[in-house]
Amino acid sequence: MCGICGRTKDPDGRAATAMAAAMVHRGPDDKGLYVDPESGVALGARRLSIIDVEGGHQPLSNEDGTVWAVLNGEIYNHPALRRHLQARGHRLATGCDTEVLVHLYEDYGDALVHALEGMFAFAVWDSSRGRLLVGRDRFGEKPLFYAERAGELAFASELTALLAGEPGLDELDPVAVDEFFVFGYVRGARAMVQGVRQLPPAHLLVWERESRKVAVEPYWRTPVHSANGPIGRRDLVDEMEHLLESSVRSRLLSDVPLGVFLSGGVDSALVAALAARSSSVPIKTFTVGYEEGAVNETEGARRTALLLGAEHQELILSGKDAARRAVAVLSALDQPIADQALVP
C-alpha cells in the first residue's frame, strides 16, 4: 500500500509535501517529491517497497525527464510489459513496476491503461504537453480523491491527505451523509466533503495546463454477456480455474516476503491452495481468531494450513484488544462504512 498525491499549482511543493506527510502509514519505506520548474505542477509519493526495494524511488521519469509518474498499487504484468518496451527501444533504469507507466504513455498515450493488469491509482505528468493524466483500476481497489477549484486540481490517495494540502475544504456533503445512513456507505463518485470527488473505478481524469479544465471519462465497462454465445459448464469451470491460478501466481511476484490471509473459509482456502501450488517453497499463512463470540475459524484455518504444508501463524484478539484499537481504526477511515467486520 502506497500513497500518491499532487497539485497543479504548487511551485514550492509545499502542498504535495503536506499531503504525503499525512500518508506515512501508507508508505513508511520511502518518500519522494517532484516539482516541474516551469509549470509548478507537483507530484508526491509515500512508498511501501514491494518491487525493486532499493531502486524503485518515486516519482519516476522517462529518459529525458519530460514524463513523470507516481503509482499506488501494483502492475502484476509489469515483467511482460518491460520486455515489450525494451524490444521497442526503451531503456528502463529500474526494476520497479512504476517505470513501465512513463514508457507506455510515451508509446500509447491514454490507451496505456488497456495494457495494465493490476490494482492501481496513478498519475502521469507530461511536461512537454502540459498534461496531467490520472487513472484508477477497473474495480476501484485503490482509492483516489480529487478537488478542482479555480482551474487547479489537487489529488491524493486519501481524503485526509487531500485536505492537508488543500485547505478550505471543511464542509460535509449532506447528500453523502444521507447516503451513508441509508446504504451504510457513500455511493459512486461522492465524498463526505463538499468540493471533493472520488475518481470512479475504470476512469481516467485529464487536466490540461492550457485550458485549466478537468475531463473524466471511462476507459472500461463490465461486460454484460459473452460475445461467443452459451458456454458449457465444463468450459466455465476450466476457464475459472485457469483465471484464478494465473491471477494468484501473478500476485506472488514480490521482492519482499509475502503471505496469505487464511480465514478457514472456502475463498481464502482456495487462494492459499493455488498459491501453494505455484510456490517452490512453503507459503506463509496468517489467521486472526477471537477469544470471545461465536465466530472463530482458527481451527479450520489450521487444518487447511497443515494440509498445504504452510508456515502458519495465528493472532488471537481479545475483546479488550478490539476495544482498544477500534477508535484508531475508525479514525483512520476516510469514508465511513457501516460494516462491523472492519474492526476485527
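Residues numbered from 1 in each chain as written. Predicted model: local features only at pLDDT ≥ 70, side-chain atom pairs only at ≥ 80, totals over all residues. Heavy atoms only, no water.

It is worth spelling out the overall build of the chain at this point. The helix and strand tally for the chain stands at nine helices and 15 strands. Taking 344 residues into account, the globule formula puts the C-alpha radius of gyration at 20 Å, and the chain, at 22 Å, falls close to it. Seen along its three principal axes, the alpha-carbon backbone of the chain occupies a region of about 60 × 50 × 45 Å. Per-residue burial over the chain gives 43% buried out of 344 residues. Accessible area for the chain stands at about 18100 Å²; split by element, carbon and sulfur atoms hold 55% of it. (Helix = DSSP H or I, 4+ residues; strand = E, 2+ residues; numbered from the N terminus. Rg over C-alpha atoms; globule rule 2.2 N^0.38 Å. Buried < 20%, exposed > 50% of the residue type's maximum accessible area, 1.4 Å probe, protein only. Areas by Shrake-Rupley, 256 points an atom, 1.4 Å probe, with all protein chains shown as cover.)

With that settled, consider the nonpolar core. Counting 23 residues, the largest nonpolar core has L112, L116, F122 and L133 as the members making the most contacts within it. At the level of elements, β5 (67-75), α2 (78-87), α3 (99-108), β6 (118-126) and β11 (203-208) are the ones that each hand at least two residues to this core. Examining the composition of this core, we find that five residues originate from one element, α3, more than from any other. Setting aside its immediate chain neighbours within four residues, L116 contacts I75, N77, L81, L101, L104, F122 and R138. Residues V70, A123, L153 and F155 belong to the second largest nonpolar core, which totals 19 residues. (Core = buried A, V, L, I, M, F, W, Y, C linked by side-chain atoms within 4.5 Å. Contact = heavy atoms within 4.5 Å.)

Taken as a whole, the largest pocket spans an internal volume of roughly 440 Å³. Lining the largest pocket are 22 residues, with I50, G73, E74, Y76 and M119 sitting closest to its centre. A breakdown of the residues in the lining of the largest pocket according to their chemical character gives 11 nonpolar, five polar and six charged. (1 Å grid on protein atoms, 1.4 Å probe; cavity = no way out; pocket = protein on both sides within 12 Å on 5 of 7 lines; lining within 4 Å. Points joined across faces, edges and corners; volume = space filled by probe spheres on them. Nonpolar A, V, L, I, M, F, W, Y, C, P; charged D, E, K, R; others polar.)

Tallying each qualifying case throughout the model produces six aromatic pairs. Relative to W68, the ring of Y34 lies with its centre 3.9 Å away and its plane at 10°, an arrangement referred to as stacked. Here the residue Y34 occupies a position in strand β2 (residues 30-35), and W68 occupies one in strand β5, the gap between them amounting to 34 residues. Assigned by exposure class, Y34 and W68 land together as buried. (Phe/Tyr/Trp six-rings, centres within 6.5 Å; stacked < 30°, edge-to-face > 60°.)

Let us now look at the sheet that holds strand β3 (residues 42-47). Strands sit in the order β2-β3-β1-β9-β8-β10 across an open sheet of six strands; the sheet is antiparallel. Only two strands of the sheet have a single neighbouring strand rather than two, namely β2 and β10 (197-198). Note that strand β1 (residues 3-7) and strand β9 (residues 152-156) share three bridges and pair antiparallel. Paired with C5 across the bridge in β9 is A156. Those strands touched by helix α1 (residues 14-21) are β1, β2, β3 and β9, and its axis lies near 160° from that of β1. (Pairing = 2+ DSSP bridges. Axes fitted to C-alpha atoms, helices over the stretch in contact; angles between N-to-C directions.)

The next point concerns α3. Most of α3 is tucked away: seven of the 10 residues are buried. When α3 is considered as a whole, its buried residues turn out to be E99, V100, L101, V102, H103, L104 and Y105. Tucked inside the fold, the buried residues of α3 contact β4 (60-61), β5, α2, β6 and β7 (131-136).

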